[in-house]
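Summary of the model geometry
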Amino acid sequence: MSPEPARLGTAALREGGPPTCVTAPAPEPPADQPGVPASSFPCLPVPDVFTALGSSPRGLTAPETAARQARYGPNVLPGAGRGQVWRRLLAQFTDLFAVVLLVASAITFLAYALGRPRDPATLQLALAILGVVFLNAGIGFAQEYSAERTAQSLQAMVPHTCRVLREGERRELPARELVPGDVVILEAGDAVPADCRLVEAQEAAVNNAALTGESDPVTRVAEPVPSGLMLEARNCVFMGTDLVAGTGKAVVFATGTATEFGRIFRLTAAAPRQQTPLQRQVAAMARRVASVALATGALLFAVRVPSGQPFVDTFVFSLGVMVALVPEGLPATLSVSLAIGVRRMARRHALVKQLLAVEALGSTSVVCTDKTGTLTQAEMTVVRLWADGVSHTVTGVGYAPAGEITDAGPVRELLRAAALCSNARLVPPTGRDAWRVLGDTTEGALLVAAVKAGLDPAQEEARTPRVAEHPFDSARKLMSTVHRDGDGTFFAYVKGAPLELLARCDAIDRRGTRTPLTDADRTQVAAAADGMAGQGLRVLAVAQRRVAGPRPPLGDVESELTLLGLAGMYDPPRPEVRDAVDACRRAGIRIIMVTGDHPLTAEAVARRVGIVREPDPTVATGSQLDALADDGLDALLARSTELLLCRVSPEHKMRVVTALQRRGEVVAVTGDGANDAPALKHADIGVAMGASGTDVAREAAVMVLLDDSFASITTAVGLGRSVYRNIRKFLIYLFSHNIAELVPILAATFAGFPLVPITAVQILAIDLGSDVLPALALGAEPMEPYVMNSPPRPRKERLFSAAVMGRVLFLGGIQAFGVCAVFFWHIHASGIPYADFTKADPVYREAITMVQAGIVVSQFFNALAVRTDRRSVFRAGLLSNPWLIGAGCVGIALMAAISYAPPLQAVFHTAALAPADWAVLAAFGALLLAAEEARKWVLRRRSAAPKGGRR
């Protein structure tokens, strides 16, 4: 077994690398990673890289690999472990409703234990309350865990397998088995499985967008480079990035959380997640309800104890009052209602990982969206070609080579040269897959255009094989390749930025004839390029020349060129996005494009999809944002209705999100790279891309777009608004019957009646039996077609607003009046004095059965009443939600079983009701529906009246 990886000091670095290797001390590596600071590897010569990592060009041996796997662990990012699952389960019991009910259950158990004699009803109550807590916790945990497990199935950014040299043999292994010192073989199209130092590189280029946000390919070399920022080291490749061109061999120096990818993962995990508006409002509502319940229970206990009632009985009575005020079915109903929203969104390609985030989507007021892949199809497409002074239109969209070129003859040589000067490959569909490009998307677009012109890039490459290449360089802004023709001559093909390439040309191709390039020609070419750029197209120029041999110097290759023409391309917008943007406008949702692209490109795309309609939108770049203080940024966001933020970094995105939240906005942010993760987690709604996004981005976000489309965000917002409205419906439904449960108890107390009109066990039967299914049916009401025609609700608007409370009191008051009337009517009709009533008295059992049945029947009509705010339920259609009708019938059937089944009579102390009793209760229910319809009619009349009170 080889020794542990060496820990090189400053002296050792001086021996092997240039003086620039000696820099400020690097941070200590994690305890489970090699002792050499990662920042040292770029400046080491290749032999010293192997020495520092205790490896060799043949790779590691089996014993070395086993030892390092035991020391460093798997090459994975941490997921949800068992401990986290248990913490998530235990968190279900920290909800304030759960805490109140747990305390109530514990006290009830204590009262049962201290009671003499012990009352079985008290034990029943304690067990029932405890069962409620565990039921709610189980439902909430199951829904959240299911969503999290679905999200984990999207893990796709870090590659599953990679090619490794071990003991000199090339093997394909799971990426999780990599250890520091492994030699990895990389080819174009591979995802980099760990942080590595290149030891061999042949025309290699990587896409670092996942880490830096920069989508342009960056060349990579194997030679030592001066120390600097690790991500800028030109001889290192990093986990989560892609090799888009060339080949290479690299030695792993960091795995798992020790990688740059893992560092961002750790930072994201440490960042606090923002509470959703519903979380804040439910917590506030729970505090208020718990306070009222405790205060009311304590007050009644204080009133009844001096009257001579037994202490334990009075205590249990007070707990029953408290239970009556706590909506035990609310947590379960809320969880399942949100879960229904999650499933509906998943069917629309939006996976929501946290239940409460469903509602938060409905309150979104600003969407900060990137461009590529979200608004566009992420498939660069050539749409315009220019050659010999003539513009040619290219039809077709995407990578499928279906389309035509107007008069393709003059542009065939242009496209042939562009295809030869490319490293990308066009991959035909297999199975259900579509056409795709392996490599740089810009080069892929040129290949597709070449096929549309009737060329076969593979055959052209075979006839004119490549013998040399000068990769793209950001300083030159050019790429050149040298090819051997069939007759043994050599040609150089060059493509790149129009102005840079034009400056190196001295001739222009005129229908196959090389003609000197005049000043007028240069002006014409520049005007054509500017015209394409003004349309938001990315423009490349293509040129060629004959060279003397297979490996001419760069100066000879890129001089005295013959210009073949220009190619203009763009990333086409998704066809569904424009309608989605229009829907956001109608809904009062502001859209801000945040992109790393050029302002002209961003504005062109924004106009195509409808984000920009004004002639002069506000366009700000990252450098301009850097020059603004917070006050200036706030002013920019306040005054600009159509705002494009271009050439921005993830830090800029984070700052913009913070500024919008300061202004009271509910912000949704899209992102796909690891560098977007902090902004995604800080946003109210972080939206990651499922198809193209990184693991870190998906982990930080609360919603994942399975199709990467902006239209899915708009659909999810509409569903979120619908969920919020449905939550309000069942809140009114649930809390109104709580009043019907409490008022009879208070009336009996102050009337001097010694027993309760409804027991705690009966209350639990209503809350968790009769009422749950109708509440769930209300939570599953379909989305109204007009839900996206109104602005988002204010961030500070309460879920339990004054209007909601007024409606609860109105409906609950009618129910309370009805059940009080039937209870005291039964009691008075018997002629028995209050003091003579016992729990076993048949009249008393009939009376409390009437109270429970009265609440259940009136709730059937109440469920119909709360379906609409102002519109008549008869206009909406009584049968338009058949699940609600069915759920109400199930509740009444359950009540009938409690009334007539002897085993349930023994549990609930109920009695059989006569048909006349049911008729009276149905009449009270119909009265409630009629009263609510009258209230809605008044509201409609008021809203229809002209201002000033005149009609």
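Above: the structure in question.
What comes next concerns the included structure. Think of each chain on its own: its residues are numbered from 1, step by step along the sequence as written. Confidence filtering applies because this is a predicted model: local features only for residues at pLDDT of at least 70, side-chain atom pairs given and counted only at 80 or more, and all residues used for totals across whole chains, interfaces and linings. In computing side-chain values, all of the structure's heavy atoms are included and hydrogens and water are not.

1. What about the overall build of the protein chain?
The cut-off we apply is this: Here a strand is any run of E in DSSP of at least two residues, a helix any run of H or I of at least four, and the numbering for each starts at the N terminus. Relative accessible area decides the class of each residue, using a 1.4 Å probe on protein chains only: under 20% of the type maximum gives buried, over 50% gives exposed, and in between gives partly exposed. Should any heavy atoms of two residues lie within 4.5 Å, those residues are counted as being in contact. Every accessible area reported is derived by Shrake-Rupley at a probe size of 1.4 Å, with residue values counting cover from the shown protein chains alone.
Summing up its helical and strand segments, the protein chain has 34 helices and 26 strands in all. Expressed as a percentage of the 951 residues in the protein chain, the buried residues total 54%. For the protein chain, contacts bridging at least 24 residues in sequence account for 72% of all contacts bridging at least 6. As presented, the protein chain carries roughly 38,900 Å² of accessible surface, and 60% of it is formed by carbon and sulfur atoms.

2. Considerations on the packing of helix α13 (residues 412-420) against helix α14 (residues 441-452)
Defined as follows: Where helices are involved, their axes are fitted lines through C-alpha atoms of the stretch in contact, as for all axes, and angles between N-to-C directions lie from 0 to 180°. If an angle is under 35 degrees, it is roughly parallel; if it is over 145, roughly antiparallel; if it lies from 65 to 115, roughly perpendicular; otherwise it is oblique. Left-handed describes a crossing whose near helix is turned anticlockwise from the far helix by less than a right angle; the clockwise case is right-handed. Classification used: nonpolar for Ala, Val, Leu, Ile, Met, Phe, Trp, Tyr, Cys and Pro, charged for Asp, Glu, Lys and Arg, polar for all others including Gly.
Relative orientation of the contacting elements α13 and α14 amounts to 140°, with a least axis distance of 9 Å. In this view, α13 runs oblique relative to α14, as classed from their interaxial angle. At the point where α13 passes α14, the crossing takes the left-handed sense. On α14, the residues that touch L415, A418 and A419 of α13 are L446, L447, A449 and A450. Broken down by class, the residue content of the contact of α13 with α14 amounts to seven nonpolar, no polar and no charged.

3. Quick look at helix α30 (residues 842-865)
To keep things clear, this is the line we draw: To estimate the expected span of a helix, count its residues, drop one, and scale the result by 1.5 Å. Here the bend at a residue is taken as the angle between two axes, fitted respectively to the seven residues that end there and the seven that start there. Pairing of N or O atoms within 3.5 Å defines a polar contact, subject to two protein rules: one partner must be a possible hydrogen donor and the other a possible acceptor, and residues neighboring in sequence count only if both atoms are side-chain atoms.
Taking 1.5 Å as the rise per residue, α30 with 24 residues should run 34 Å; its terminal C-alpha atoms sit 34 Å apart, in good agreement. In the structure, α30 departs most strongly from a straight axis at Q859, where the bend amounts to approximately 25°. Counted residue by residue, α30 has 20 buried out of 24 residues, so it is predominantly covered. Two or three places before V843, at the opening of α30, D841 has a side-chain oxygen 2.9 Å from that residue's backbone nitrogen.

4. Some details on the packing of helix α26 (residues 710-751) against helix α27 (residues 760-770)
In contact at an axis separation of 11 Å, α26 and α27 are set at 165° when each is read in the N-to-C sense. Of the possible angle classes, the one that applies to α26 and α27 is roughly antiparallel. In this structure, α26 crosses over α27, and the sense of that crossing is right-handed. Taken together, the residues of α27 that come into contact with α26 (itself represented by Y733, H737, E741 and I745) are I763, I766, D767 and S770. Its residues placed into classes, the contact of α26 with α27 shows four nonpolar, two polar and two charged.

5. Structural notes on empty space enclosed by the protein
Here is the rule we go by: The definitions used throughout rest on a 1 Å grid laid over the protein atoms alone, on which a cavity is an enclosed set of points accommodating a 1.4 Å probe that cannot get out and a pocket is an open set flanked by protein within 12 Å on both sides along at least five of seven lines; lining residues are those having an atom within 4 Å of a point. Grid points are joined across faces, edges and corners, and a volume is the space filled by probe spheres set on the points.
For the structure shown, the criterion picks out five cavities of 30 Å³ or more. Taken as a whole, the largest cavity encloses approximately 80 Å³ of empty space. Lining the largest cavity are I814, Q815, G818, V819, V822, G854, S858, L921, F924 and L928. Residue assignment for the lining of the largest cavity shows that the elements contributing at least two residues are α29 (802-830), α30 and α34 (915-944). A per-element tally of the lining of the largest cavity places α29 first, with five residues.

6. Considering the pattern of salt bridges
Here is the rule: Within this document, salt bridges are pairs made up of a side-chain nitrogen of Lys or Arg and a carboxyl oxygen of Asp or Glu, the two lying within 4 Å of each other.
Considering all chains together, one arrives at 29 salt bridges under this definition. Linking R170 and E187 is a salt bridge whose minimum nitrogen-to-oxygen distance equals 3.4 Å. Residue R170 is located in strand β2 (residues 169-174), and its partner E187 is located in strand β3 (residues 183-187); the two are separated by 17 residues in the primary sequence. Here the salt bridges share partners, and the residues they tie into one network are D388, R510, R511 and D521.

7. What to know about the sheet that holds strand β23 (residues 643-646)
Strand pairing in a sheet is mediated by backbone hydrogen bonds. Such pairs are either parallel or antiparallel. To keep it simple, the criterion reads: One bridge is not enough; two strands pair if DSSP finds at least two bridges between them.
The strand order across the open sheet formed by eight strands is β8-β26-β25-β24-β9-β21-β23-β22, and the pairing between neighbours is mixed. Among the strands making up the open sheet, the edge pair consists of β8 (350-352) and β22 (618-621). Each strand axis lies, on average, 20° off the axis of its neighbour in the sheet, ignoring direction. With three bridges connecting them, strand β25 (residues 685-689) and strand β26 (residues 703-705) associate as parallel partners. If you follow V687 over to β26, its bridge partner there is M703.

8. Here we look at helix α23 (residues 650-662)
End to end, α23 covers 19 Å across 13 residues, agreeing with the expected 18 Å (1.5 Å per residue, within 8%). Restricting attention to buried positions, one finds in α23 the residues P650, H652, K653, V656, V657, A659, L660 and Q661. Backbone geometry just downstream of α23 places G664 in the positive-phi region, at approximately 85°.

9. A closer look at a nonpolar patch on the surface
To be explicit about the condition: Residues qualify for a patch when their relative accessible area is over 30% and they have no salt bridge, like charges being joined within 9 Å and the nonpolar side chains of Val, Leu, Ile, Met, Phe, Trp and Tyr within 5 Å.
A grouping of L299, V303 and F750 is seen on the molecular surface, where their side chains present a nonpolar patch of about 320 Å² in accessible area. Here V303 falls in the partly exposed class, since its relative accessible area comes to 37%.

10. Brief notes about the nonpolar core
The line we're drawing: By nonpolar core we mean a set of buried residues, namely Ala, Val, Leu, Ile, Met, Phe, Trp, Tyr and Cys, connected to one another through side-chain atoms within 4.5 Å.
Membership of the largest hydrophobic core comes to 127 residues, with the highest contact counts inside it found for I611, M703 and F710. The contact partners of F710, leaving out residues within four places of it in the chain, are V367, T369, T374, L375, V577, A580, V581, C584 and I591. In this structure, A254, V648, V656 and A701 belong to the second largest nonpolar core, which totals 48 residues.

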